[in-house]
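# Observations on chain architecture
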Amino acid sequence: MDFSLTDGERAYRRKVRDLVQEVSGEQMREYWAEQQAVGGDRIFPWAPSAHKLLAERGLVGIDWPAPWGRGATSSENYILSEELVGSGFPSSPVTSSHANVRAIIRNGTPEVVEEHVPKALSGDRRYADGLSEPEAGSDLFALRTTAVRDGDEYVVTGSKLWTSYAHEAEYVSALVRTDPESTRHRGLSMLLIPLDAAGVDIQPVWVIGGWRVNQCFFDAVRVPVSNRLGPENEGAAILSAGLADERSLSFGGTDSRLLLARLLHRFAGAADDLDDSDLEAIGRFATRLEVERMLNISANAKGARGAESAAAAGSMGKLYGSELAQEFAQWLNELLPESIYRTEWGVSVDDQLAADAEWFVRGTVTMTIAGGTSEIQRNTIAQRGLGLPRGA
Amino acid sequence: MFDERWSDETREVSSALRSLLEGTCDEPAVRAAESSADGRSREVEQHLREFGLHDLPAEPELLAAVSVELGRSLAPVPWVELTAVRILLDVEDAVYALESDPPAGPGSAVVATASGIGLVANQGERERTAAGDFLVRVDRGLAEQRWGEEDAQKLRALTHMLAAARVSGAASKLVEIGVTYAKERQAFGRSIGSYQAVAHKLADAATAAEGLELIVKKTAWLAARDGANGVPQPIFGLMTWSHAVEVGRLVARNVHQCMAGFGATLESPAQLYSRRLRSWALRLGRPGDAHREIARILLTPQRRDAVEGLWHEERGVTVPRWARELDVTV
């Protein structure tokens, strides 16, 4: 049993913390302005210049194999995510969506790797996830987007929904059906589709938190066969490996800890100003946020060992953290009631914490949905963790 | 690299203890103890004594893991209540009773006094509890103070962790009972575990039980670090215990619902667990009180900054520079 960091991990964390401490209040507001300008969100935040800064400091792609990254351990990867998200640094693609680049390194041809990875490392190339479709959300393998082989190209037809960042990215990494006779997880392939290709239409979809996701339409889009990752019809395995990489990421817990820490500092030395119910809530949330972190650490450790229980453990962390974040957000809004007035994209000149509480209550609506709904997580726990039979 | 598993040495002891308890403290043995005049099982006590349970080294991880196993088997022995007293106060045969009455059997009880803690004879009117044991209405006024508030705090923190570990073991076992039932029980032509309404309740119960075990482990791990002297920090004691109360109740509620009428019968093993989980929850103070104390620690800068290992922090609770600059204070 060991929850400590190695000396190397500690030094690495210090490096991330030092970077974060450079960010002044004014700088953070500039990042937020950048995010807002690109239709980004505060719940999975990203700002181009922040991404560049991370790239300059060697903090992009740390877990990618050499020579691109340095093959960081899963613990280090967890620490990077925790330190960046936990400090509010706008880094979402670095901590989550870079699974796309991992997939390229693992499954792309040498030419594709050479073409993509250096640009991703420098922050000059970004990727959107192309998984869900209008008729295929939780039931992902019901997807209908097809890629029909025509010589050295595929002709892609269909659409992808919830493609966050697609309007700012250069590629969408899309799961498509390459075997028209197949069903479910068989006959799927992963394709890198250039978003400036003829026949691609990106339409904005605005969501409750005030940010933009997208629907991408593909009308006979021609994609080189060389843009396929891995063997034809083996896309489901690539997807599965990518999801395994991300299973210990916190969905809402880390953000909640930052907000609670800020609240504790606001009321430092002023416990008597809070009533008993608020004190109880603070103690209870502080405890459950510790539990949430431990569930994610456990998933991380199990994943690193290749334990069979890792999938269920990841679902436990995701389920627990996202539902806890919603509950915490509601309570925080009650405690800071003025936050209900902060509807201008979460920026306030007089009470930033209240403004953040307001965006958090809206933003957490998606946390129990994105990355697999709570219902899907419960199914995974029940079937893969507890061995209960699948439903009819 | 993180590792959430008990150490090899601890697993060896846990495994041996589980084997012993499966053979000596099975369901009939628990029911027999419940039906006895004092709720105890002399046979189980003897087996555990021979196992060396009362002479274990004061290693937090080992003690927590043992407590988990005792909870899994509902061992009718006051080991949790005896152990912290033996280790921290160096008193044999005395049980912890700071917040509620002591379990019957041991010769004396540690109770709160005006400004510390003291010993009192474990004698008085005995009442059977929902957990099948007996608690003794001791005369707390007869206790003379022998230890100060600092000792009381340590005693409380270690007992909190051990009691939470016991709940963790019982809750995990109850989830297993519910899962086994859900796999076997058929309704509308298939096993009820294939219905999401049932499966999701068990998934929630399993998640809660897993989370409890992990916070117990974290608490024990922190207590074993240099300078902690094998005693959990008060805030972690409060967190593990208050969380154990909530988890025990949630697991009991969900598993009973999944097992429906059968789980509520006295024939079912489920009620043996749920009664204890709910009874134990009443013995170390109300979780709301613990939560308020946790909040007061975290809201008092000096106390907050002395906390080690909360969340991702080395010490205290920090906020990034940008937030310090943008946030207002009261």
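This one's a predicted model, so the numbers in the text were calculated from it and none came from an experiment.

Rules behind the numbers
Residue numbering note: each chain is counted from 1, following its sequence as written. Whichever chain is written first becomes A and whichever ligand is written first becomes 1, with later ones labelled in order. It should be noted that, the model being predicted, local features are given only for residues of pLDDT at least 70 and side-chain atom pairs only at 80 or more, the latter also being counted only at that level, while totals for whole chains, interfaces and linings use all residues. Think of it this way: any DSSP run of H or I at least four residues long counts as a helix, any run of E at least two long counts as a strand, and we number them from the N terminus. Here the radius of gyration uses the C-alpha set of atoms, whereas the globule reference equals 2.2 Å times the residue count to the power 0.38. What counts as a contact here is a pair of residues whose C-beta atoms, placed from the backbone, lie within 7 Å. Buried means a residue has 20 or more other C-beta atoms within 10 Å of its own C-beta, exposed means 12 or fewer, and partly exposed covers the counts in between; C-beta atoms are placed from the backbone. What makes two strands pair is DSSP finding at least two bridges between them. Only Asp, Glu, Lys and Arg are considered charged, only Ala, Val, Leu, Ile, Met, Phe, Trp, Tyr, Cys and Pro nonpolar, and every remaining residue, Gly among them, polar. Nonpolar cores are identified as sets of buried Ala, Val, Leu, Ile, Met, Phe, Trp, Tyr and Cys residues joined via C-beta atoms within 7 Å. Fitted lines through C-alpha atoms give the axes, limited to the stretch in contact for helices. The angle between two N-to-C directions lies from 0 to 180 degrees. The cut-offs work like this: below 35 degrees is roughly parallel, past 145 is roughly antiparallel, 65 to 115 is roughly perpendicular, and the gaps in between are oblique.

### Some words on the overall build of chain A
Looking only at helices and strands, chain A has 13 helices and 8 strands in total. For 392 residues, the compact-globule formula gives about 21 Å, and the C-alpha radius of gyration of chain A, at 21 Å, lands near that figure. Along the three orthogonal principal directions, the C-alpha set of chain A runs to about 75 × 45 × 45 Å. In chain A, once contacts between residues fewer than 6 apart in sequence are set aside, the share between residues at least 24 apart is 69%.

### Some words on the pairing of strand 4 (residues 171-177) of chain A
Residue and element names in this part refer to chain A. Counting buried residues along strand 4, 7 of its 7 residues qualify, which places the element largely inside the surrounding structure. Where burial is concerned, the two faces of strand 4 agree: the one with Tyr 171, Ser 173, Leu 175 and Arg 177 and the one with Val 172, Ala 174 and Val 176 are both buried. Note: strand 1 (residues 127-130) against strand 4, 4 bridges, orientation parallel. The partner of Gly 130 across the bridge, within strand 4, is Ala 174. One ladder, built from 7 bridges, connects strand 4 with strand 5 (residues 188-194); its direction is antiparallel. Bridge pairing in strand 5 links Val 172 to Ile 193.

### A few points about the interface of chain B and chain A
Contacts between the two partners involve 62 residues from chain B and, on the opposite side, 63 residues from chain A. Looking at the side of chain B that touches chain A, the elements with two or more residues in it are helix 6 (149-184), strand 8 (190-191), helix 7 (196-223), helix 8 (234-264), helix 10 (287-299), helix 11 (301-306) and helix 12 (321-326) of chain B. A per-element tally of the side of chain B that touches chain A places helix 7 of chain B first, with 14 residues. Broken down by class, the residue content of the side of chain B that touches chain A amounts to 30 nonpolar, 16 polar and 16 charged.

### Side note on unusual backbone geometry
A cis amide bond, omega 5 degrees, links Ala 66 of chain A with the succeeding residue Pro 67 of chain A. By the element assignment, Pro 67 of chain A lies in the loop between helix 3 (48-56) and helix 4 (74-85). The phi dihedral of Asn 229 of chain B falls on the positive side, at around 60 degrees, and the residue is not glycine. Along the chain, Asn 229 of chain B turns up in the loop between helix 7 and helix 8. Even without being a glycine, Trp 311 of chain B presents a positive backbone phi close to 50 degrees. Tracing the backbone shows Trp 311 of chain B in the loop between helix 11 and helix 12. A residue is classified by how many C-beta atoms lie within 10 Å of it, and Trp 311 of chain B, with 21 of them, is buried.

### Describing the nonpolar core
With 157 residues, the main nonpolar core has Leu 202 and Val 251 of chain B as its most contacted residues. Tallying contributions element by element places helix 6 of chain B first for this core, with 18 residues. Excluding residues within four positions of it along the chain, Leu 202 of chain B makes contact with Ala 382, Leu 386 and Leu 388 of chain A together with Val 175, Gly 178, Val 179, Ala 182, Asn 254 and Cys 258 of chain B. The next biggest cluster of nonpolar side chains, apart from the first, holds 58 residues, and it includes Leu 53, Tyr 165 and Leu 175 of chain A together with Leu 326 of chain B.

### Some details on the packing of helix 4 (residues 60-72) of chain B against helix 7 of chain B
Any two packed helices are characterised by the angle at which their axes cross and by the distance between the axes. Residues and elements named next belong to chain B. Their axes nearest at 8 Å, the elements helix 4 and helix 7 cross at an angle of 155 degrees. One element, helix 4, and the other, helix 7, form an angle in the roughly antiparallel class. Contact with helix 4, carried on its side by Pro 60, Glu 61 and Ala 64, involves Val 216, Ala 220, Trp 221 and Ala 223 of helix 7 and no other residues of that element. Split by residue class, the contact of helix 4 with helix 7 holds 6 nonpolar, no polar and 1 charged.

### Notes on the environment of Glu 22 of chain B
Within the secondary structure, Glu 22 of chain B sits in helix 1 (residues 8-24). Residues Glu 22 of chain B and Ser 73 of chain B, 51 residues apart in the sequence, show an inter-C-alpha distance of 7.3 Å.

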